[in-house]
Amino acid sequence: MRISIIIMIMGLLSFGSRAQMHSVTGRVIDSESRVALPFVNIVVNNSNRGGTTDIDGRFTLKTSEEIHFLQLSYVGYENQIYQVQEGKNEHLILLKRIEYELPEYVVYPTENPAHRIIRNAIKNKDLNDPEKLDAFSYTAYDKMIFTLELDSLPMVDSLDMDSTEDFRNFLENHHLFMMESVAERNFMAPDKNQEDVIATKVSGFKDPIFVFLISQWQSTDFYDDQIKISGKNYVNPISRGSTGKYFFLLQDTLFYGEEDTVFILSYRPRINTNFDGLTGTISINTKKWAVQNVIAEPYKSKSTLIFRIEQLYELIDGEHWFPVQVNNQAILQQVNVTDTTIEMGVTMGEADNDSLKEFNNMRIPFGIGKRYIRNINLNPDLRARDFGNTEVEVDPNANFRNEDFWKNYRTDSLTQKELNTYRYIDSLGQAENFDRAAKTFESLMTGKIPWGYFDLDIHRFLRYNSFEGFAPGIGLHTNQRLSEVFALGGYVRYGLKDQEFKYGGDVGLTLWNKADMGIKVAYTKDVMETSGVSFWDEQPYLINTENFRDFLVRRMDQIEQYKAGFNFRTLTFLNVHLGITKTLKEVTNDYQYSIPGESLKVYLNRFHFTEFVVGLRYAYVEKFIKNLRKKISLGTDWPIFWFQYSRGVEGLLDGEYEYNRYDFKVEKSFYTNYIGKTSFRINAGYVDTDIPYTNLYNGNGAYRTFTLYAPSSFATMRMNEFLSNKYVALYITHDFEKLLGKVGFFHPEFALVTNIGFGWLDFQQSHHNVNFKTMEKGFYESGLLINNLLNLRIYSLGIGGFYRYGPYTFKNGWENMAWKLTFKFNLSR
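Values in this document were obtained by computation on a predicted structure and should not be read as measured data.

Q: Any details on the sheet that holds strand 1 (residues 22–30)? Residues and values, ideally.
A: Spatially, 4-1-7 is the arrangement adopted by the three strands of the open sheet, whose pairing is mixed. Where the open sheet ends on each side, the last strands, each with one partner, are strand 4 (58–63) and strand 7 (91–95). Neighbour-to-neighbour, the strand axes of this sheet turn through a mean angle of 35°, independent of strand direction. Relative to strand 4, strand 1 is paired through six bridges, and the arrangement is antiparallel. Across the sheet, residue Gly-26 finds its bridge partner in strand 4, namely Phe-59.

Here you go:
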């Protein structure tokens, strides 16, 4: 009996405690655009207790007191008091946007109170950074949508509404494009990371080719000193020294429970500072001084397409703050439009001034990417051998998941508009064969155009150098439609200046895809730069300004070459090449070589070389994205090393020379906050005996009085001015980017360049009918580049000048100078 009474009392007490709790649930959106507002500050009644909305603008608040009204505040919106209606399950609250900019400065009697908060956040960065954990794992559901609201476009009334009615109806009921994916991520310190995409769904496509868009767009960490948005680095507002560069304003303070306080701060770069900075809001929780949520976008970006990130963190298992929701938005904006014409084809002269002003300041959400993270495990059982160098890999069955599978991962059911998008775009994609177009896009990324069972090599279409002149040609290889195991192809080219055909062919066999293992044999009858340097893994990139030096090459040898190689990857980050080559080289000028030690001099201009080659390339923590067909490198933040050993063999396959040749290269780029980007490259080579000029080192000059700038070459060194059998060269560039300010409407980006080279020639008497110098005293040059004088969106143009100094200067000062036209791609701007 006593036990029953105790149980009843405990039950009543439990009921009473539950009855004392009150809750309210709802969603906060923009009153005009109807877009969800993340991280809106909400206070219950007149208390100091409350919370914030999540990424989707949703909230649930619980309190022991009865809830009569909510006080809402959000930067850039009017404050609002919302009366809570009893019995309503979910409340929809609309906030009205207002024009708001942070003040240029605020005078405080002592220190800015926000600085103490930021300093504490910086002090605890390593403690709170998820990437500093020993290990973690989670499952992520991603949804990416590209859409357009026609009514959000200014001057829509000036368009021909009859012709746009169908388009309006389409946009009201469909998005332009959408995709979903589910991925399982595993991480183990310090650098092992793998994301397995187990499900994909892409409107209009059966092939999950665009899955890499999500992995590259989404960012789940706000603790690095530089925040990368769309491939460009921005200084993190919670990085060392940020209080001197950023202006912070404490906007609000919220209280959670008895101990936790959340500070909401706005931030932007200080006035009259020049660096790539961010603007937005950040909430810092006093529990471990961690980021609880953050909104960030580039400050005063002039780009047509800007990106905005929103991140929400939660305390997992009471141990560590971890991102649980991430939003990324692509926003179309237009600035500084004149009254000529706009890209949409609307004549500005026909629009009124108000429309023009509206257009000049418009911001239209275009792309929305959302990531929801669940099943977070801070102590997973992971082993190093479970990781490879592929950061994102797509499951072969990822595109065949049924609706029951998707329901387990979606946070909410698809809307009717989203269902319509899949239904319509899928049928359109099937009719128009979107998958074929997607594979074309994929091939273009690797420099190829698909054509049935063949890929056309774009870099073979046209070539130019000072020896051949313009050289049109064609090259093709079989693709995976014919076979995933073998590939064969060839090319032919005709030089309009030297009036010679060049051609070649090759056959490759893939032995083991996972280890990049394969063999390849090739035949080439072509021309090659005299005493140039090449490494076994060099690929012809369509966008590489270093290739501009090829335009200047005047001295080439005719070659006939047979080559066979075996390639594989080992130790995760090491690529290995084992090969043999048989090459006949014939000079195209008056050069002659005499064999050393012979009493009767014999002068030669045709040379047979047989070489065994061992090539190594080491790129620590280099990561790749791999879909069902291709593997695309994401690069690495660490230095990349190349080493190549060539053993010349006399008497084998007509080889005439016995020698050892060692070639080495290392390159690295890094960004320093408020200073800029520094890049360097070191090249070195050594040949241990006397061999013909054709296989030595020519100095790597790239001089013309005025020409295109080619990085990693000597801008003031004449072509073939120097000759060495051992050398070392250092190329250093420091790009200040936007740090040095702007001049009127121009936003020039200044860069300093210094190049240094040393070279020695131990055997000089064997080379005849050729002029050359040696550079054992050291070759020095420095230059100033002024990039981005003319910004053409995709690329920008600038100018530069270099000066040669040191032991090898010319008496005439003007001969020591070289002028350059700089060409810089802006794919990340």
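Q: Before we move on, can you summarise helix 8 (residues 416–432) with the specific residues and values?
A: For helix 8, with 17 residues, the first-to-last C-alpha span of 24 Å sits near the 24 Å given by 1.5 Å per residue. All of the buried residues along helix 8 are Lys-417, Glu-418, Asn-420, Thr-421, Tyr-422, Ile-425 and Gly-429. Immediately downstream of helix 8, the backbone of Asn-433 shows phi near 55°, a positive value.

Q: Which residues make up the sheet that holds strand 5 (residues 69–73), and what values do they have?
A: Taken together, four strands build an open sheet; the order of strands is 3-2-5-6 and the sheet is antiparallel. With one partner strand each, in any of the chains shown, strand 3 (50–52) and strand 6 (80–83) form the two edges of the open sheet. Strand after strand, the sheet turns through a mean of 25° between neighbouring axes, direction not considered.

Q: With reference to specific residues and values, describe the pattern of salt bridges.
A: The tally for this structure, following the rule as stated, stands at 39 salt bridges. The closest approach of N and O atoms between Lys-582 and Asp-654, which form a salt bridge, is 3.8 Å. In this pair, Lys-582 sits in strand 29 (residues 574–587) while Asp-654 sits in the loop between strand 35 (640–648) and strand 36 (659–672), placing the two residues 72 residues apart along the sequence. On the basis of relative accessibility, which here comes to 48%, the residue Asp-654 falls in the partly exposed class.

Cut-offs and rules
- Residues numbered from 1 in each chain as written.
- Predicted model: local features only at pLDDT ≥ 70, side-chain atom pairs only at ≥ 80, totals over all residues.
- Heavy atoms only, no water.
- Pairing = 2+ DSSP bridges.
- Helix = DSSP H or I, 4+ residues; strand = E, 2+ residues; numbered from the N terminus.
- Axes fitted to C-alpha atoms, helices over the stretch in contact; angles between N-to-C directions.
- Expected span 1.5 Å × (residues − 1).
- Buried < 20%, exposed > 50% of the residue type's maximum accessible area, 1.4 Å probe, protein only.
- Salt bridge = Lys/Arg side-chain N within 4 Å of Asp/Glu carboxyl O.

Bear in mind that shape data such as this cannot, by itself, settle questions of function.
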